[in-house]
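Examining the three-dimensional arrangement
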Amino acid sequence: MDPTGDIPAPDTARPDTARRKAGEPGVPEEATAPVGIRVRPGGPLHGELEIGGAKNSVLKLLAATTLAEGRFTLRRVPRIADVTTMTELLESFGCRTSFSDRDVLHVHVPERLEPHASYDLVSRMRASIAVLGPLLARCGEAMVALPGGDDFGSRPIDMHLSALERLGVDVEVSHGYVHARADVLKGEEVSLAWPSVGATENIMMAATAAEGRTVIDNAAREPEIADLAAFLNRMGAEVLGAGSPTITINGGGPLAPVDHTPVPDRIETAVFLAAVGIAGGEITLRGAQPGHLRMLCDKLGEMNLRTSTIKGGMWAMAPHRLRATEIVTLPYPGVATDYQPLLVAMLSLAEGVGLVTENVFANRFRYVGELIRMGADIRVEGRCAIVRGREHLSGAPVRATDIRAGAALVVAGLGAEGETTVRDIHHISRGHEDLVAKLKSLGADVAWVPGT
Ligand code: UD1
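Owing to the predicted nature of the structure, the values given are computational and were not obtained by experimental measurement.

**Let's talk about the sheet that holds strand β2 (residues 45-50)**
Strand order across the open sheet formed by four strands is β2-β15-β17-β16, with mixed pairing between neighbours. Taken across any chain shown, the strands that pair with only one partner, and hence form the sheet edges, are β2 and β16 (306-310). Each adjacent strand pair in this sheet contributes to an overall mean axis angle of 15°, direction not counted. Taken together, the six bridges between β2 and strand β15 (residues 281-286) define a ladder with parallel strand orientation. By the bridge assignment for β15, glycine 47 is matched with isoleucine 283. Sheet strands touched by helix α8 (residues 266-279): β2, β15, β16 and β17 (313-317). Its angle to β15, the strand with the most contacts, is close to 170°.

Shown next, in the form of structure tokens:
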């Protein structure tokens, strides 16, 4: 049963493809799938909790396992639906996956893979496109469904494809699939027009099998990129400069399976910082890596939320009331676009007028209508949101529109008078492990809403 009481936490797998069985770690004995999360303002938060491994790292590390035959082990893996989707994708290639503990995932990669990523799985999760580079490296060919658009825009993959073409890959897009083939991958210089996280990852992974040297210029610098490079290097690859704008990969060497612990989830960390900012109080986030959230912490400091690095994690203390500020989202080390809904929720309750400019995704304010239903005063003009802070929001039924917006609506509910119910929580289950249990452990008044 859910350790927090109430009703059972949802199985994070989609019901139609549920792979985790009742009684497994984190899965209730008798699952009554909840349909929402109910939040009430319950006073300041106090206590400490453990931050899990980064979703955006784990998914790419799982894709990278296809680069070598044998048994991989990943630790601190969050039990979220996107991880389930990625393991299903790996199994569709012929791999076997299993958890040996709550958060230790093993992947057995066979000698021969079936390099075909179906639309059914790719359409569930855009990060599936991360298998393209490693499958090409391992099999010399791949057929991967086009991910299409999603909740915050069209999200093309043109940079992934043109970079792979430079490495000698024949790419054909037809009938909704990318058909890619390369008899020999060749190291090349690749200049990205924008430091795309996904494109950088696909090139890095493909280049591990390329003859000679690949240089990625204007590469993404996110901590998850450095984590993937560390993983590849541990496997025997030679990836230099990850975390800087220029990454060099000396390809062609043999790769072998490894045991790896991914970086902590900086976005999950931000969720609890936003929660304490809104509810008030003082919390400790064990395992968090404040060095990965530096710009965010600077902005939170401007909002009067105090954070500091402590041994093994970070500490945060909220002011009586947050103060408004201006925020611009940018590629790392800038303030991440994934924090943006959390920041807008915080500004909705801050003193003064906040301005948020979204530079990464064209259409990432869709959830704002839900915050407005909770009484927030927000005007969106193009890529900007003008947020006039209110002393309180008012609890309302709302719908999660994507993973991060869903979490932002839950934490907004901590600052709303009355009751907020967030529906469409399958979005939240895709990326946030035990959100209800973790908030409850800090004293928040939050619970799953049972299905009927
Ligand atoms: C990843 C993260 C996502 C995060 C984002 C930005 C995962 C699963 N997702 O997404 O949570 O919000 O980084 O930090 O790790 N673009 C193109 N053409 C391309 C590729 C990207 O135009 O070929 C554009 C996108 O539409 C977007 C921008 O570049 O406007 C950034 O995208 P990118 O960094 O690639 O994000 P993702 O890897 O999709």
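Next comes the rest of the write-up.
**Here we look at the nonpolar core**
By size, the foremost hydrophobic cluster in this structure holds 74 residues, and its most contacted members are Leu371 and Leu414. By residue number, the principal contributor to this core is α8, which donates ten residues. When neighbours within four sequence positions are excluded, leucine 414 is seen to be in contact with Val39, Arg40, Pro41, Leu45, Ala275, Ile278, Ala279, Leu439 and Ala444. Judged by nonpolar contacts, the second largest core, of 71 residues, contains Leu67, Leu135, Leu136 and Val239.

**Topic: the sheet that holds strand β5 (residues 105-109)**
Across the sheet, which stays open at both edges, the four strands sit in the order β4-β5-β3-β14 with mixed pairing between neighbours. Since the sheet does not close on itself, it has two edges, and those belong to β4 (96-99) and β14 (259-260), each with one partner. Relative to β5, β4 runs antiparallel, the two being bridged by four bridges. Across the sheet, residue arginine 96 finds its bridge partner in β5, namely histidine 108.

**Some points on the confidence of the model for the protein**
Confidence along the protein averages 93 in pLDDT terms, with 92% of residues attaining 70 or more. A low-confidence stretch, residues 1-30 stays under pLDDT 50, and its non-local contacts, those more than four residues away or across chains, total 63 contacts.

**Describing the packing of helix α4 (residues 132-139) against helix α6 (residues 197-207)**
Their axes nearest at 7 Å, the elements α4 and α6 cross at an angle of 10°. Taken as axis vectors, α4 and α6 run roughly parallel relative to one another. Side by side, α4 and α6 meet where Leu132, Gly133, Pro134 and Ala137 of the first sit next to Asn202, Met205 and Ala206 of the second. Looking at the contact of α4 with α6 residue by residue, the class counts come to five nonpolar, two polar and no charged.

Scoring rules and cut-offs
Residues numbered from 1 in each chain as written. Predicted model: local features only at pLDDT ≥ 70, side-chain atom pairs only at ≥ 80, totals over all residues. Heavy atoms only, no water. Pairing = 2+ DSSP bridges. Helix = DSSP H or I, 4+ residues; strand = E, 2+ residues; numbered from the N terminus. Axes fitted to C-alpha atoms, helices over the stretch in contact; angles between N-to-C directions. Contact = heavy atoms within 4.5 Å. Core = buried A, V, L, I, M, F, W, Y, C linked by side-chain atoms within 4.5 Å. Buried < 20%, exposed > 50% of the residue type's maximum accessible area, 1.4 Å probe, protein only. pLDDT = per-residue confidence, 0-100. Parallel < 35°, antiparallel > 145°, perpendicular 65-115°, else oblique. Nonpolar A, V, L, I, M, F, W, Y, C, P; charged D, E, K, R; others polar.

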